[in-house]
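Structure assessment
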Amino acid sequence: MSCGEPHETECAEVLDHLYEFLDREMPDSDCTKFEAHFVECSPCLEKYGLEQAVKKLVKRCCGQDDVPADLRSKVMGRIDLIRSGQAVPEQDITVSGTEVPTAAKE
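Residues numbered from 1 in each chain as written. Predicted model: local features only at pLDDT ≥ 70, side-chain atom pairs only at ≥ 80, totals over all residues. Heavy atoms only, no water.

Taking an unreviewed UniProt entry as the reference, the protein chain is identified by name as Mycothiol system anti-sigma-R factor belonging to Streptomyces castrisilvae.

With that out of the way, let us pick up the UniProt feature "domain: Putative zinc-finger" (unreviewed entry) in the protein chain. When the UniProt feature table is mapped onto this chain, "domain: Putative zinc-finger" (unreviewed entry) is found at residues 11-44. Within the segment residues 11-44, helix and strand shares are 79% and 0% respectively, and the terminal C-alpha atoms sit 7 Å apart. (UniProt positions renumbered as here; feature names shortened; annotations may be inferred. Helix = DSSP H or I, 4+ residues; strand = E, 2+ residues; numbered from the N terminus.)

Turning our attention to the packing of helix 3 (residues 28-40) against helix 4 (residues 42-62). In contact at an axis separation of 6 Å, helix 3 and helix 4 are set at 115° when each is read in the N-to-C sense. One way to sum up the angle between helix 3 and helix 4 is to call them roughly perpendicular. The two elements helix 3 and helix 4 cross, and the hand of that crossing is left-handed. On the side of helix 3, the interface is formed by H37, F38 and E40, while helix 4 contributes S42, C44, L45 and Y48. Looking at the contact of helix 3 with helix 4 residue by residue, the classes come out as four nonpolar, two polar and one charged. (Axes fitted to C-alpha atoms, helices over the stretch in contact; angles between N-to-C directions. Parallel < 35°, antiparallel > 145°, perpendicular 65-115°, else oblique. Left-handed = near helix turned anticlockwise from the far one by under 90°. Contact = heavy atoms within 4.5 Å. Nonpolar A, V, L, I, M, F, W, Y, C, P; charged D, E, K, R; others polar.)

A pair can form between side chains of opposite charge whenever their charged atoms are brought close. The full count for this structure, using the stated rule, is five salt bridges. Across the pair K55 and D23 runs a salt bridge, and its minimum N-O distance is 2.3 Å. Here D23 lies in the loop between helix 2 (18-22) and helix 3 and K55 lies in helix 4, a separation of 32 residues in the sequence. A residue is classified by how much of its surface remains accessible, and K55, at 36% relative accessible area, is partly exposed. Classification of D23 as partly exposed rests on a relative accessible area of 32%. As a salt-bridge pair, D30 and K33 come within 3.8 Å of each other at their nearest N and O atoms. (Salt bridge = Lys/Arg side-chain N within 4 Å of Asp/Glu carboxyl O. Buried < 20%, exposed > 50% of the residue type's maximum accessible area, 1.4 Å probe, protein only.)

Counting twelve residues, the largest nonpolar core is built from C11, V14, L18, F21, L22, M26, C31, F34, F38, C41, C44 and Y48. If you list the elements that add at least two residues to this core, you get helix 1 (11-16), helix 2, helix 3 and helix 4. Contacts of C31, omitting those with residues within four sequence positions, involve F21, R24 and M26. (Core = buried A, V, L, I, M, F, W, Y, C linked by side-chain atoms within 4.5 Å.)

Here we come to the environment of F34. Checked against the element boundaries, F34 lands in helix 3. Here the alpha-carbon distance between F34 and C11, two residues 23 residues apart in the chain, equals 9.4 Å. The contact partners of F34, leaving out residues within four places of it in the chain, are T9, E13, V14, H17, F21 and M26.

Have a look at this one:
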């Protein structure tokens, strides 16, 4: 999606990183660029509003489910490995005796 207008931050970049923006998983300087983009680009602002509404709905409907502590620990361990650039083992994650297939983890 693009509004066809020139912007300091391109629509494609904003939309590619929209969830990082929604989750505040980007530097403040990038958040500021995105906020400025939304002020001047109504199609991207509309997409942002829609995704924000979906995120709130999912949180309201599914946000109360508890994640098993062992699953959370294993997932966070994998994230740490990926962030550090280490090789991630290809073995399946097992949680409370239930094996999670590799395809489901991707």
